[in-house]
Amino acid sequence: MNRKIKNVAVLGSGVMGSRIASLFAGIGVKVLLLDILNKEAKDGDSKKIRNKIVDDALNNALKSSPAAVYKKSDAALITTGNFTDNMKDISNYDWIIEVVVERLDIKQSILSEVDKFRKQGTLITSNTSGIPIHMMAEGRSEDFKKHFCGTHFFNPPRYLRLLEIIPTSSTDTEVVNFLMDYGDRFLGKTTVLCKDTPAFIANRIGVFSIMSIMHLMDKLSLSIDDVELLTGPLTGRPKSATFRTADVVGIDTLVKVAKGVKDNCPNDEASEIFKIPTWLNAMTEANLIGDKSGSGFFKKSKSAEGKKEILVIDLNTLQYKPRNKPKFASVEAAKQVEDLKERLKILVNGKDKASEFLKLFHYSLFSYISFRIPEISDELYRLDEAIKAGFGWTVGAFESWDILGVENTVKEMKAAGYSVSGWVDKMLGSGIKNFYKTENGKRYYYDLNSNSYSPLPGGEAFLVMKNFSYQTVWKNSACRLYHLNDDVLGLEWYTKMGSIGGEVLEGIQKSIGIAEEKYKGLVIANNDANFSAGANVGMIFMLAIEQDYDELDMAIRLFQKTMMRVRHSSIPVVIAPHGLALGGGCEICLHADKVIAAAETYTGLVEVGIGVIPGGGGTKEFVLRASDETHNGEPETITLQNRFLTIATAKVSTSAAEAYDLGIYRKGLDEICMNQDRRIAEAKAAVITMYDEGYVMPVERDDIRVGGRANLGALYAGINGMWRGGYATDHDVVVAKKLAYVMCGGDLSEPTLVTEQYLLNLEREAFLSLCGEKKTLERIQSILKTGKPLRN
């Protein structure tokens, strides 16, 4: 069936419902959002009164931070209504998603109404975190059952990438396949097929992990701060670690899921782990349940001096106290190691209490996941995908087991009293020592049924740069250039936060040169958390503080030359950013032949934050684009002013879609990839298409119109107005006037056509002069120390 989703009805406008509606609106789908009728409404009352509950819920979602929609205008695609007046309208919708309160009787009641009004063939799904899907379908029509399954989104739906698909025995295979594909390609999700078992996959493993950590904390007499350190980014987990995650999710929700697993899984060999500790019950009874109540494991407060601080709960007294900074020898040793795999080995193999905790936690986790196959999934990779996408783990549970060594770990586990499922022993006995392997750029997982490796689904659609390390073409200490097959090269760098320094610039130039010799083109991307947070600020600070302006001038010239090399090469260069693409990371995208950006890309020219202007061609490129827009009929002053403000206020897009509005991405040329795991493959395909269509190197522009004094006066007036109004500091004015000078082409007496190099020279001169400002050096130093610039 060639199924299309033109519109979606979302039933229930709570935290999840309103945000699921926002997610669909964000991809351009019309949404009908319904909830209960306002209890105070009477017959004949206006829609505003009758729809008050749903309207208030949607407004709260649209005001939330981070944003529920990709851009504000998306909200126009959402129509609201109520179950009493508008349930009949669902007959016109292609997909109906039930998202009401987590009670089986209420869900069954709503779904009974859906069965009355829906048209045959319409998809019906329920968003639930654990209610058995088959029980919701009881009593429904046969066509309903064929088109019904569970779709478990994680909160917040826009940002957490997991979508669990849970069919029943009656669900049509076509429906399951469609939802798996739609969730992946259109919603940008990691879609994981689950069995209809309690808590499905992610919550079953994730909540087990949290409960196991809590019991180990008690056993080893560790503090909450100790555990947060050991279960955060240090070990490849999110910043929210364990207890902050519980506060965000809701401690009451965590307890509910844990109790649900314990009550509904009597044969779970680790059911005692799901037993709620006494102190956790005491917290829920005292309504200390996390963010929703204002206090949980942590509480925001103010010190006697009026400074904001975060307090941590004392589990013995349920009173709050200042946090401490734990110190462990194994942690200090591991902090020096960038590579997560090597860091985990150091941490687990240490001799202190931190290492003992991590060793016992992994023993417990590995034992548990081994027994969940095939109970909750027939394929082990689904557990890893679910926990990574749903709980933000960098590496999955089976992947962690591979890192620590399956065979040796099993021996140690058994010696410590932890068992593993028989299939693990069978795997090792047959000579297979790892759950995953990579060959010829493709990744394989161990398949229990065949007792051999099978390729991971996705194949060529999910390219991982490092998987092509066997085809490394060139490298230096910061970069690797791979042959991605089909005569396309791929460049990645792995500096901290993707920062761009001399070796990265060398890598870009070298990669383009090699590609021009014998390849079709170049993809620049990576599979890390972010694309690039910008230029190496530390290097700039060092050269500026030493007043080595000749070296600084050479560094800026090299940056500009490299960006121009990206623009003016004989092969197509396609860049696939994701996460942060700031400063220099934005400038390289501005010069690419094409950008394939992940939907969750946050990009902007942020250099004014450290007291300089974009010096790697970003300012030049904004002037060039303003000139082109003026030729297309846009008012000259308004176009230039908008682009000036974008740089001067360091605007950063909250999504790739918003980057179009900021003039960073080009409509009709640059593209958004909803699933960031697909962007590298799509970038590679774009390179091949451009090459096959007869790519021609762009010539350097000499027709860029700049306004000179006329435009400069207008911008200066605006800057002075901001200063008088108290919106800009004295130093902000200095930076803004330098920026205006460059963007107007300097002190020209009349509008003039100039070259790209002319603007690059102005840009570089302004950048260098600002690096000599005392306040700029203070701001850079502040960023290096705290990550935040000074504002005064």
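To be clear, the structure that these remarks concern was listed above.
Residues numbered from 1 in each chain as written. Predicted model: local features only at pLDDT ≥ 70, side-chain atom pairs only at ≥ 80, totals over all residues. Heavy atoms only, no water.

Draft legend 1. Structural detail: the pattern of salt bridges. Counted under the stated rule, the structure contains 51 salt bridges. Linking lysine 107 and glutamate 98 is a salt bridge whose minimum nitrogen-to-oxygen distance equals 2.5 Å. Across the pair glutamate 399 and arginine 443 runs a salt bridge, and its minimum N-O distance is 3.0 Å. Note that glutamate 399 is positioned in helix α18 (residues 397-404) and arginine 443 in strand β13 (residues 442-447), a separation of 44 residues in sequence. Residues joined by salt bridges that share partners form a network here, namely Arg204, Asp268, Glu269, Arg372 and Glu375. (Salt bridge = Lys/Arg side-chain N within 4 Å of Asp/Glu carboxyl O. Helix = DSSP H or I, 4+ residues; strand = E, 2+ residues; numbered from the N terminus.)

Draft legend 2. Expanded view of the layout of surface pockets. Considering only enclosed or pocket space, the second largest pocket measures out at about 620 Å³ in volume. Lining the second largest pocket are 21 residues, with Glu228, Lys239, Ser240, Arg244 and Arg323 sitting closest to its centre. Of all the elements in the fold, those that place two or more residues in the lining of the second largest pocket are α10 (224-230), α11 (243-249) and β9 (298-302). If one sorts the elements of the lining of the second largest pocket by residue count, β9 sits on top with three residues. Taken together, the residues of the lining of the second largest pocket sort by class into six nonpolar, six polar and nine charged. (1 Å grid on protein atoms, 1.4 Å probe; cavity = no way out; pocket = protein on both sides within 12 Å on 5 of 7 lines; lining within 4 Å. Points joined across faces, edges and corners; volume = space filled by probe spheres on them. Nonpolar A, V, L, I, M, F, W, Y, C, P; charged D, E, K, R; others polar.)

Draft legend 3. Summary view of empty space enclosed by the protein. Per the counting criterion, the structure on display carries two cavities of 30 Å³ or more. As a volume, the second largest cavity reaches approximately 30 Å³. Residue lining of the second largest cavity: Leu230, Thr231, Thr235, Arg237, Leu358, Phe361 and His362, and that is the complete set. Among the elements that take part in the lining of the second largest cavity, helix α16 (residues 353-372) stands out by supplying three residues, more than any other. Across the lining of the second largest cavity, the residue classes tally to three nonpolar, three polar and one charged.

Draft legend 4. Representation of helix α15 (residues 340-348) within the structure. Turning to α15, its buried residues are Leu340, Arg343, Leu344, Leu347 and Val348. Buried residues of α15 fall within an arc of 125° about the axis and therefore sit on the same side. At the N-terminal boundary of α15, the capping side chain belongs to aspartate 339, with an oxygen 3.2 Å from the backbone nitrogen of lysine 341. (Buried < 20%, exposed > 50% of the residue type's maximum accessible area, 1.4 Å probe, protein only. Arc of directions from axis to C-beta. Polar contact = N/O pair within 3.5 Å; in protein donor to acceptor, adjacent residues only side chain to side chain.)

Draft legend 5. Looking closely at the packing of helix α9 (residues 202-220) against helix α12 (residues 251-264). Put simply, α9 and α12 touch, their axes get as near as 10 Å, and they point 105° apart. It follows from the interaxial angle that α9 and α12 lie roughly perpendicular. Of α12, the residues touching α9 (which contributes Asn203, Arg204, Val207, Ile210, Met211 and Met214) are Leu254, Val257, Ala258 and Val261. Residue composition of the contact of α9 with α12, grouped by class: eight nonpolar, one polar and one charged. (Axes fitted to C-alpha atoms, helices over the stretch in contact; angles between N-to-C directions. Parallel < 35°, antiparallel > 145°, perpendicular 65-115°, else oblique. Contact = heavy atoms within 4.5 Å.)

Draft legend 6. Quick look at the sheet that holds strand β16 (residues 479-483). Reading across the sheet, the seven strands line up as β15-β16-β17-β18-β19-β21-β23 and stay open at both edges, with mixed pairing between neighbours. Strands at the two margins of the open sheet, each flanked by one partner only, are β15 (472-475) and β23 (671-673). Strand-to-strand twist across the sheet, computed as the mean angle between neighbouring axes with direction ignored, equals 20°. Here strand β19 (residues 573-575) runs beside strand β21 (residues 594-598); their pairing, made up of two bridges, is parallel. Counted as the bridge partner of isoleucine 575 is valine 595 from β21. (Pairing = 2+ DSSP bridges.)

Draft legend 7. Region of interest: the sheet that holds strand β14 (residues 452-455). In spatial order, the strands read β12-β13-β14; together these three strands make up an open sheet with antiparallel pairing. In this open sheet, the two edge strands, each paired with only one partner strand, are β12 (436-439) and β14. The mean inter-strand angle of the sheet, taken between neighbouring strand axes irrespective of direction, is 40°. With four bridges joining them, β12 and β13 adopt antiparallel strand pairing. Among the inter-strand pairings, glutamate 439 is bridged to a residue of β13, identified as lysine 442.

Draft legend 8. Examining the packing of aromatic side chains more closely. By the definition in use, this model includes 23 aromatic pairs. Taking the centre distance of 5.8 Å and the plane angle of 80° together, the rings of tryptophan 95 and tyrosine 182 count as edge-to-face. With tryptophan 95 in strand β4 (residues 95-98) and tyrosine 182 in helix α8 (residues 173-185), the pair connects residues that are 87 residues apart, well separated along the chain. As far as the burial class goes, tryptophan 95 and tyrosine 182 line up, both buried. Considering the side-chain rings of tryptophan 279 and phenylalanine 297, the 6.1 Å spacing of their centres and the 75° angle between planes classify their relative orientation as edge-to-face. Here the residue tryptophan 279 occupies a position in helix α13 (residues 278-285), and phenylalanine 297 occupies one in the loop between α13 and β9, the gap between them amounting to 18 residues. (Phe/Tyr/Trp six-rings, centres within 6.5 Å; stacked < 30°, edge-to-face > 60°.)

Draft legend 9. Highlighting the nonpolar core. Among the nonpolar cores identified, the biggest contains 114 residues, and Phe297, Phe398 and Trp401 are the most heavily contacted of them. Tallying contributions element by element places α9 first for this core, with 11 residues. Excluding its chain neighbours within four sequence positions, the residues that come into contact with phenylalanine 398 are Ile369, Ile373, Leu380, Leu383, Asp384, Trp423, Phe435 and Tyr436. Membership of the second largest hydrophobic core comes to 80 residues, among which are Ile524, Ala592, Leu715 and Ala728. (Core = buried A, V, L, I, M, F, W, Y, C linked by side-chain atoms within 4.5 Å.)

Draft legend 10. Region of interest: the side chain of threonine 168. Inspection of the secondary structure puts threonine 168 in the loop between β7 (162-167) and α8. Assessed through its relative accessible area of 13%, threonine 168 is described here as buried. Within the structure, threonine 168 has its side chain in polar contact with the backbone nitrogen of serine 170 (distance 3.1 Å). Leaving out residues up to four positions away in the same chain, threonine 168 has contacts with Ile133 and His134.

Draft legend 11. Looking closely at the state of the cysteines. This structure, assessed with the given rule, holds zero disulfides. The thiol sulfur of cysteine 586 is not disulfide-bonded, and the nearest other cysteine sulfur, from cysteine 589, lies at 6.6 Å. (Disulfide = S-S within 2.5 Å.)

Draft legend 12. Molecular detail of the environment of lysine 388. Within the fold, lysine 388 resides in helix α17 (residues 380-391). Along the backbone, lysine 388 and serine 293 are 95 residues apart, and their C-alpha atoms lie at a distance of 28 Å.

Draft legend 13. View of the side chain of serine 569. Among the secondary structure elements, serine 569 is positioned in the loop between α23 (549-567) and β19. Residue classification places serine 569 among the buried positions, given a relative accessible area of 0%. Once residues within four sequence positions are removed from consideration, serine 569 is found in contact with Ile512, Glu516, Tyr695, Met697 and Pro698.

Draft legend 14. Examining the environment of isoleucine 27 more closely. One can find isoleucine 27 in the loop between α1 (15-26) and β2 (30-35). A C-alpha to C-alpha distance of 9.1 Å links isoleucine 27 and valine 69, two positions 42 residues apart in sequence. Excluding anything up to four places from it in sequence, isoleucine 27 contacts Tyr70, Tyr182, Phe186, Leu187 and Met674.

Draft legend 15. Up close: the packing of α1 against helix α3 (residues 52-63). Running from N to C, α1 and α3 cross one another at 65°; their axes reach a closest spacing of 9 Å. Two packed elements cross with a definite hand, and for α1 against α3 that hand is right-handed. Between α1 and α3, the contacting residues are Ser18, Arg19 and Ser22 on the first element and Ala57, Leu58, Asn60, Ala61 and Leu62 on the second. Looking at the contact of α1 with α3, its residues break down into four nonpolar, three polar and one charged. (Left-handed = near helix turned anticlockwise from the far one by under 90°.)

It is worth stressing that arrangement in space is one thing and function is another; only the former is reported here.
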